[in-house]
Amino acid sequence: MARTADVLVIGGGLHGCSTALHLALRGLKPILVEKDYAGRHASGVNAGGVRQLARHLAEIPLSISSMEMWEHIEELVGDDCGFESHGTVLVAEDDAELAGFRARVDDLRLRGFIHEELIERAELKRLVPAVADHCPGGVVSRRDGAADPFITTQAFRRRAVEKGAEMIEGATVTGLARVGGTWRAETSAGPIEAPKVVNAAGAWADRIAAMLGEPVPLEVIAPMLMVTSALPAFIQPVVILRGRKLSFKQRANGTVVVGGGHLAQPFRDENRTVLDWNRLAVSAQTVWELFPVMREATIVRAWAGIEARMPDDIPVVGPSAMSEGVYHQFGFSGHGFQLGPGTGAMMAELVATGSTNVPIDGLGIQRFAGARG
Amino acid sequence: MTEAADLASSYDLVVIGGGPAGLAAAALAARAGVSTVLFDENPGVGGQIYRGITSTPITNRGVLGEDYWAGAALAAEAKASGALIVTGATVWSLDPSLQVGVAIAGRARLVQAKRVIVATGSLERPFPIPGWTLPGVMTAGAAQTALKAQGLVPKGHTVVAGAGPLLWLLAAQLLRGGAKIEAILDTAPRLNWLRAVAHLPDFALSAYWSKGLALLREVKAKAPVIRIANLEALGDDQVREVAFDGRRLPADLLLLHQGVVPNVNLAMAAGIEHRWNARQLCFEPVLDEDFGSSVPGIAVAGDGAGIAGGTAAAERGRIAAIAAMRALRPEAAVADTQAIRQKLQREEMGRAFLDWLYRPADALRQPVGETLACRCEEVTAQQVRDMARIGCEGPNQMKAFLRCGMGPCQGRLCGLTITELIAAERDSTPAEVGYYRLRPPVKPITLAELASLPIAEAERKAVER
Amino acid sequence: MFRRLGDTGATLTLTVDGKEIRARIGDTVAAAMLAAGIGRFRTTPVSGAARAPYCMMGVCFDCLVTIDGIGSRQACLVPVREGMAIETQQGKREAGR
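As the structure is a prediction and not an experimental result, all values here were calculated from the model.

Focus on the overall build of chain B
A count of helices and strands for chain B gives 19 helices and 23 strands. Summarising its shape, the C-alpha atoms of chain B cover approximately 65 × 55 × 40 Å along the three principal directions. Expressed as a percentage of its 465 residues, the buried residues of chain B come to 59%. Contacts in chain B between residues far apart in sequence, at least 24 positions, make up 70% of those at least 6 positions apart.

Some details on the environment of Met138(B)
Of note, Met138(B) is situated in strand β8 (residues 137–139). Sequence separation between Met138(B) and Asp245(B) is 107 residues, and the spatial gap between their C-alpha atoms is 21 Å.

Here's the deal with the domain arrangement of chain B
All names here are of chain B. Assigned domains within chain B: domain 1 (4–123 + 261–334), domain 2 (126–258) and domain 3 (366–433). Computed over C-alpha atoms only, the centres of domain 1 and domain 3 are separated by 30 Å. On the domain 3 side, the residues contacting the six residues of domain 1 number five residues. Of the residues in the side of domain 1 that touches domain 3, the class split is four nonpolar, two polar and no charged.

Section: the interface of chain B and chain A
Accessible area lost when the parts come together is the quantity often used to give the size of an interface. Taken together, the contacts link 26 residues of chain B with 31 residues of chain A. Elements with a minimum of two residues in the side of chain B that touches chain A: α15 (395–402), β23 (445–446), α18 (447–451) and α19 (457–463) of chain B. At four residues, the largest contribution of residues to the side of chain B that touches chain A is made by α18(B). Pairing geometry for strand β20 (residues 298–304) of chain A and β23(B), over two bridges, is antiparallel. The residue bridging Ile299(A) from the neighbouring strand is Ile445(B), located in β23(B).

Concerning the interface of chain C and chain B
The partner chain B presents 41 residues to the 34 residues of chain C that form the contact. For the side of chain C that touches chain B, the per-class residue count stands at 20 nonpolar, eight polar and six charged. The pairing of strand β9 (residues 152–154) of chain B with strand β1 (residues 2–4) of chain C spans three bridges and is classified as antiparallel. Counted as the bridge partner of Pro154(B) is Phe2(C) from β1(C).

What to know about the nonpolar core
Judged by nonpolar contacts, the single largest core of 318 residues is most densely connected at Leu8(A), Ala25(B), Ala29(B), Ile117(B), Ala171(B), Leu254(B) and Ala301(B). Sorting elements by how many residues they give to this core places helix α10 (residues 310–328) of chain B first, with ten residues. Apart from the residues lying within four places of it in its own chain, the contact partners of Ala301(B) are Ala21(B), Ala25(B), Ile117(B), Ala119(B), Phe291(B), Ala313(B), Arg316(B), Gly317(B) and Ala320(B).

Here we look at the sheet that holds strand β13 (residues 232–234) of chain B
All names here are of chain B. Spatially, three strands are ordered β13-β14-β15 in an open sheet, and the strand pairing comes out antiparallel. Each having just a single partner strand, β13 and β15 (247–250) make up the two edges of the open sheet. Recorded for the sheet is a direction-independent mean angle of 25° between the axes of neighbouring strands. Inspection of the sheet shows β13 paired to strand β14 (residues 241–244) by three bridges, in the antiparallel sense. Looking at the pairing, Ala-233 lines up with Val-242 of β14.

A look at the packing of helix α1 (residues 20–31) of chain B against α10(B)
Residues and elements named next belong to chain B. α10 packs onto α1 with a crossing angle of 35° between their chain directions and a minimal axis gap of 7 Å. α1 and α10 meet at a crossing whose hand is right-handed. Between α1, through Pro-20, Ala-21, Gly-22, Ala-24, Ala-25, Leu-28 and Ala-29, and α10, the contact on the second element is made entirely by Gly-310, Ala-313, Ala-314, Arg-316, Gly-317, Arg-318, Ala-320, Ala-321, Ile-322, Ala-324 and Met-325. Residues that form the contact of α1 with α10 fall into these classes: 13 nonpolar, three polar and two charged.

Description of the domain arrangement of chain A
Residues and elements named next belong to chain A. Partitioning chain A into domains gives domain 1 (3–68 + 149–216 + 312–368) and domain 2 (85–144 + 219–309). The centre of domain 1, based on its C-alpha atoms, is set 27 Å off from the matching centre of domain 2. At the interface, 23 residues of domain 1 touch 28 residues of domain 2. Put simply, the parts of the chain that give the side of domain 1 that touches domain 2 at least two residues each are α2 (42–45), β4 (49–50) and α3 (60–70). Of the residues contributing to the side of domain 1 that touches domain 2, the split by class is twelve nonpolar, eight polar and three charged.

A short note on helix α16 (residues 415–425) of chain B
Residue and element names in this part refer to chain B. Across the eleven residues that make up α16, a large majority, eight, are buried. When we look at burial in α16, the residues that qualify are Gly-415, Leu-416, Thr-417, Ile-418, Thr-419, Glu-420, Leu-421 and Ile-422. Trailing α16 by a residue or two, Asp-427 shows a phi angle of about 55°, which is positive.

Structural notes on the pairing of strand β3 (residues 30–34) of chain A
For a regular strand, the rule is simple: side chains alternate between the two faces of the sheet. Residue and element names in this part refer to chain A. Burial of β3 is extensive: five of the five residues sit out of reach of the surface. Of the two faces of β3, the one lined by Pro-30, Leu-32 and Glu-34 and the one lined by Ile-31 and Val-33 are each fully buried. Summarising the sheet, strand β2 (residues 7–10) and β3 pair through four bridges and their orientation is parallel. Across the sheet, the residue bridging to Ile-10 is Val-33, located in β3. Between the parallel elements β2 and β3, the chain passes through helix α1 (residues 14–25) in a crossover that is right-handed.

Considering the pairing of strand β19 (residues 282–285) of chain B
All names here are of chain B. Side chains of β19 alternate between two faces, with Cys-282 and Glu-284 and Phe-283 and Pro-285 buried alike. By the bridge criterion, four bridges tie strand β18 (residues 274–277) to β19 in an arrangement that is antiparallel. If you follow Arg-275 over to β19, its bridge partner there is Glu-284. The antiparallel hairpin formed by β18 and β19 contains four residues in its connecting segment, where Leu-281 sits at a positive phi of about 55°.

Some thoughts on the confidence of the model for chain B
For chain B, mean pLDDT is 94; residues scoring 70 or higher make up 98% of the total. Overall fold confidence (pTM) sits at 0.94, and the ipTM for the predicted complex is 0.95.

A look at the sheet that holds strand β1 (residues 3–4) of chain A
All names here are of chain A. Ordered by their spatial adjacency, four strands build an open sheet running β1-β12-β11-β10, and the pairing between neighbours is mixed. The open sheet has two edge strands, β1 and β10 (173–179), and neither has a second partner. Direction of pairing for β10 relative to strand β11 (residues 182–187): antiparallel, over a ladder of six bridges. Residue pairing for β11: Arg-178 is matched across the bridge by Trp-183.

The rules behind these values
Residues numbered from 1 in each chain as written. Chains lettered and ligands numbered in written order. Predicted model: local features only at pLDDT ≥ 70, side-chain atom pairs only at ≥ 80, totals over all residues. Helix = DSSP H or I, 4+ residues; strand = E, 2+ residues; numbered from the N terminus. Buried ≥ 20, exposed ≤ 12 C-beta atoms within 10 Å, placed from the backbone. Contact = placed C-beta atoms within 7 Å. Domains from an automatic or database assignment. Nonpolar A, V, L, I, M, F, W, Y, C, P; charged D, E, K, R; others polar. Pairing = 2+ DSSP bridges. Core = buried A, V, L, I, M, F, W, Y, C linked by C-beta atoms within 7 Å. Axes fitted to C-alpha atoms, helices over the stretch in contact; angles between N-to-C directions. Left-handed = near helix turned anticlockwise from the far one by under 90°. Right-handed = clockwise from strand over helix to strand, strands pointing away. pLDDT = per-residue confidence, 0-100.

Shown next, in the form of structure tokens:
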């Protein structure tokens, strides 16, 4: 006997849990199937950046609607998720970079987006006193901040269940097919039938897409992070670079998280990664040059999450191009965390009503039609 | 003194840990012509059992006993063998490709190995009692280290508490060194005898039998031994008293010991499969008969392979070295391990009896209330139990919620406690609950050390946007 | 808590929080501090509780001190050298120290 639901959500990362919550808030009954436990992978172990800054144009509407929710996150999920807002600063390392940033900010303003602000040397030093003296300026997005990724994912999971979603963890979807007018998923916990399906399976979403005859060129990546022991507070905003890979933030407990996207080697069928110390050394050298005060900081832990990257670095969000009733929500390429709350709300609207007010042009799976997975 | 810049970029055999297993393995391999390096983070070799063997200020051989001095031969053998012995070298990473990350005097290097022997030994089982984080509360091993390596002896009111053969050895050494012990509080549950007695015949045939009895007699003649069920360390910013079974004793130093367990951090971080040993109440690596692990090319020898003591450790190191030599030089004639395995078997006899007799009490492994389960992040037993009860199923989720296991010790002093508490609260077993997911760096490294890794320009360019 | 057994042999001088102590060649920083009667090595970043060495073998991380300007070093693993300047740590270690 198959379980039935209004919507089957595949994947218990932040996006899956957010969609499940918002579907439940609309009075629908979702079942979410997660092969490990909610937040086990990228959603639970990323740097926690809640960032509007430096996004691809196609992501900006989702990012703005998500930011509204982050600012009321406790109301939405009953937990503050460790969210603190002190802005994100994109630091320019030389004048040429700064000129490039100026052009970008001007272009955004022409399009009606005002969340990015160009700053000169004095304002940069005021916002980030510890940054190296050679940096001429940057861009700030003042509403940005950071949160705890695992706590956030678990909070969405918990609230979704409270509102009526069913969570099945430790179960893998092994098959997905149209059977008698509805979708039937074979899972290791038994079959589930639902008229609508959301593919939020992260680094494994290409497999779900393949089951639907809709292959996508998804690359499995394992971005690495390092964290230090607790230091007295010396930096408030999150700092990122463009020319070199760095994201840098200090949490409330004093520890500093260093990320930026240097990649480890993933083994997605074994839930494991092997760190690349040469690349982490490059990361350490970048921090050395940019934040001299960090030179004797102690790194106590390093890790990597398993994530999906699309060739154009933007996600696949929207209806399936081939299968009615199926929707995709994956491929966030290492920057999906901030988009979680808003994308879940948008997806629930799309699934429940057939359309959405949030522009998601440019994110559809059809852009890969003709490309083999 | 070998510096990081002196290291070659690769060696045939890298031995990690300079205790009896590591020393024996390095000596055997190097003598056979295998290019061998041994790394130990301490200022000298010897591990724990032979700590300070090349530099101890203790001149009276009777204080530490003849078993200790046997370590001198091992150290000398390794030194003469041609192996490169590097002390003050902290290995912070080992991965399945056999790349070893090591830091010496503020500089880090990556060294490629063809074979690795992990010989990082054991550490004392956590002993979570109220007040166990107070200054003046230390492990029995800590006092032993201070005695062997620096000739330090406890002064003031000293109380020793716990269970296990090493407890009696330590007490004997301290007493011979002139320490005055107020009391030895024996926490081994009386009922342990019922399970131990079945293994008595084997034990009676082993070397432990006569040595053990002699030690017990020696210690009981010089210090009062009291059997106890519960224990607390009391004091404000330093231990002042010990409370047990409704009584109190003044204490300036409380030495705790309830057995040793494998130090799993490097082996687990390297991806080596482990399993729960229900008799010894700890996790140990899954190994073949040559001490080869689930990661090809990496062997685990010594107490890290499972608790068996110092002499067994040296034999295990030799077996692992011979297997490494066979892999590196398939055409060369290699020693037969038969004789070594027989010696090993004799050493391991009697182990079962000791494991059951000194099995630590549940209450002293699974704390309650405000007792700290995680020392580094100051997480209480109650917090862990509550979180487990409301649905937190495993230590990795517990870590993310409470931060236990996220401090600098990386779970060395809390891992077993957290796993056992979750199992107890959820009516499960440690085998099912599992352990923290451990990653390199297994010892903290500074940003400066990591930034000092020599990286080819090509590599640097490859990772820029 | 501890006294030296017998003749201390060759000695040297270190400072701990600015005060001089005697140590023996071969001591680790932790052993030298304990022998000098120092009972507090650091206070914790979480609650400010006093800590001193627990294991003396590099696994407990309670002996963390700043040595010659470099913070959070495991005192039980570092051999003493003439003139070493040791500072006990209070709470969160300074960045850059």
